[in-house]
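Fold and geometry: a report
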Amino acid sequence: MSLKPKPLPYSFDALEPYISKKTLELHYTKNYKVYNKKINELISGTSFEGMELEEIILKSASSEMDIFNNAAQSWNHDFYFRGLAPPVRQEISLTVLNRIHDSFGSVEELKKEFFKNSMNHFGSGWTWIVENIDGSLSVHTTSNAEHPLLHHEVPLLVCDLWEHAYYLDCYNERTNYLSNFWQIINWNFVEDNLLKTPLLRPSTGDKFMDGGASSDYLA
Ligand SMILES: [Fe+2]
């Protein structure tokens, strides 16, 4: 059974004017779908066939770099697309807001940290907001296909730093792309990732599960 590409959760033009229809269409069809096709070709007839993508990432990381790279890139792209949403006024829930305040002090400080890490990252890669094993949140980048799941971190959000994600819209101005990205973050997706139990989520107990009421804070 092959790993089917996940559908884009919105139309190609849904993120305009922050990400153009052309960029999103190319990104989804020419990058994500190609990684998905490649990973299916690579695992066909191997012990990885039939595994979930997360399991392939974890089990291939130390031995099968071609499989690992394509599995991780496929996973990352789907996660990136689902972390974005059409530009409507979206509240950050009190649950997420409290966690951001605990780790960064404020949303503005998280944004500064996110931008600083992204701008300081040399070359292609990804910027992550993750939940650490102690329940704190942090921001860091990864190069190539290095993946938070390998470090027992729970990914909450990711930004694609490869130039194909923004060159058509912003040329090489990564800072403009980051500003656009920040306008269309799907904060409900971030909350879902905080509250669910992913494959390797560390045992954090109930103390991180409180809150949930919406605040009037706007991103
Ligand atoms: Fe990409």
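**Focus: the overall build of the protein chain**
A tally of regular secondary structure across the protein chain gives 8 helices and 5 strands. Going residue by residue from the N terminus, the α and β elements of the protein chain occur as α-α-α-β-α-α-β-β-β-α-α-α-β. The buried share of the protein chain, reckoned over its 219 residues, is 33%.

**Thoughts on the confidence of the model for the protein chain**
For the protein chain, per-residue confidence averages 89 on the pLDDT scale, and 89% of positions sit at 70 or higher. Taken as a whole, residues 202–219 scores under 50 in pLDDT and shows 28 contacts with residues more than four places along the chain or in a different chain.

**With respect to helix α8 (residues 187–195)**
Of all the residues in α8, the buried ones are W187, V190, E191, N193 and L194. Seen from one end, α8 has its buried residues packed into an arc of 160°, which puts them on one side.

**Re the nonpolar core**
Judged by nonpolar contacts, the single largest core of 31 residues is most densely connected at V96, W128, I129, V130, L156, L157 and V190. Take this core: its biggest share by element is 5 residues, from strand β4 (residues 154–160). The residues touching I129, leaving out its near neighbours within four places in the chain, are L137, V139, L156 and L157. With 15 residues, the next largest nonpolar core counts Y32, F48, F68 and A71 among its residues.

**Remarks on the sheet that holds strand β3 (residues 137–143)**
The pairing of strands in a sheet happens through backbone hydrogen bonds and is either parallel or antiparallel. Reading across from one edge, β3-β2-β4 is the order of the 3 strands in this open sheet, with antiparallel pairing throughout. In this open sheet, the two edge strands, each paired with only one partner strand, are β3 and β4. Sheet twist, expressed as the mean angle between neighbouring strand axes with direction ignored, is 25°. Sheet topology note: the strand β2 (residues 125–131)/β4 ladder contains 6 bridges and is antiparallel. Bridge pairing in β4 places W126 opposite D160. Docked against the sheet, helix α5 (residues 107–120) engages β2, β3 and β4, running at close to 15° with respect to β3.

**Topic: unusual backbone geometry**
Here the amide bond leading from E16 into P17 is cis, since omega sits at 10°, within 30 degrees of zero. Residues other than glycine seldom take positive phi values, yet N144 does so here, at roughly 50°. Along the polypeptide, N144 turns up in the loop between β3 and β4.

**Overview of the environment of E55**
Relative to the helices and strands, E55 is located in helix α2 (residues 53–60). It is 9.9 Å that separates the C-alpha atoms of E55 and L149, two residues lying 94 residues apart in sequence.

**Structural notes on α2**
Listed in full, the buried residues belonging to α2 are I56, I57 and S60. For α2, the angular spread of the buried residues around the axis is 100°, confining them to a single face. Where α2 is buried, its residues touch α1 (21–43) and α3 (65–82).

**Let's talk about the environment of W75**
Here W75 is to be found in helix α3. The buried category is assigned to W75, around which 25 C-beta atoms lie within 10 Å. The spacing of W75 and E54 is 21 residues in sequence and 7.7 Å in space, taken between C-alpha atoms. Excluding residues that lie within four positions of it along the chain, W75 makes contacts with L53 and I57.

**Remarks on the environment of G125**
Along the chain, the position of G125 falls in strand β2. Spatially, the C-alpha atom of G125 lies 9.3 Å from that of E163, the residues being 38 residues apart in sequence. In this structure G125 touches T141, T142, S143, N144 and L161, once residues within four positions along its chain are discounted.

**Focus: the pairing of β3**
The pairing of β2 with β3 spans 7 bridges and is antiparallel. Residue T127 lies in a different strand from β3, and its bridge partner there is T141. Two successive antiparallel strands, β2 and β3, enclose a turn made up of 5 residues, where G135 displays a positive phi of approximately 95°.

Cut-offs used in this document
- Residues numbered from 1 in each chain as written.
- Predicted model: local features only at pLDDT ≥ 70, side-chain atom pairs only at ≥ 80, totals over all residues.
- Helix = DSSP H or I, 4+ residues; strand = E, 2+ residues; numbered from the N terminus.
- Buried ≥ 20, exposed ≤ 12 C-beta atoms within 10 Å, placed from the backbone.
- pLDDT = per-residue confidence, 0-100.
- Contact = placed C-beta atoms within 7 Å.
- Arc of directions from axis to C-beta.
- Core = buried A, V, L, I, M, F, W, Y, C linked by C-beta atoms within 7 Å.
- Pairing = 2+ DSSP bridges.
- Axes fitted to C-alpha atoms, helices over the stretch in contact; angles between N-to-C directions.

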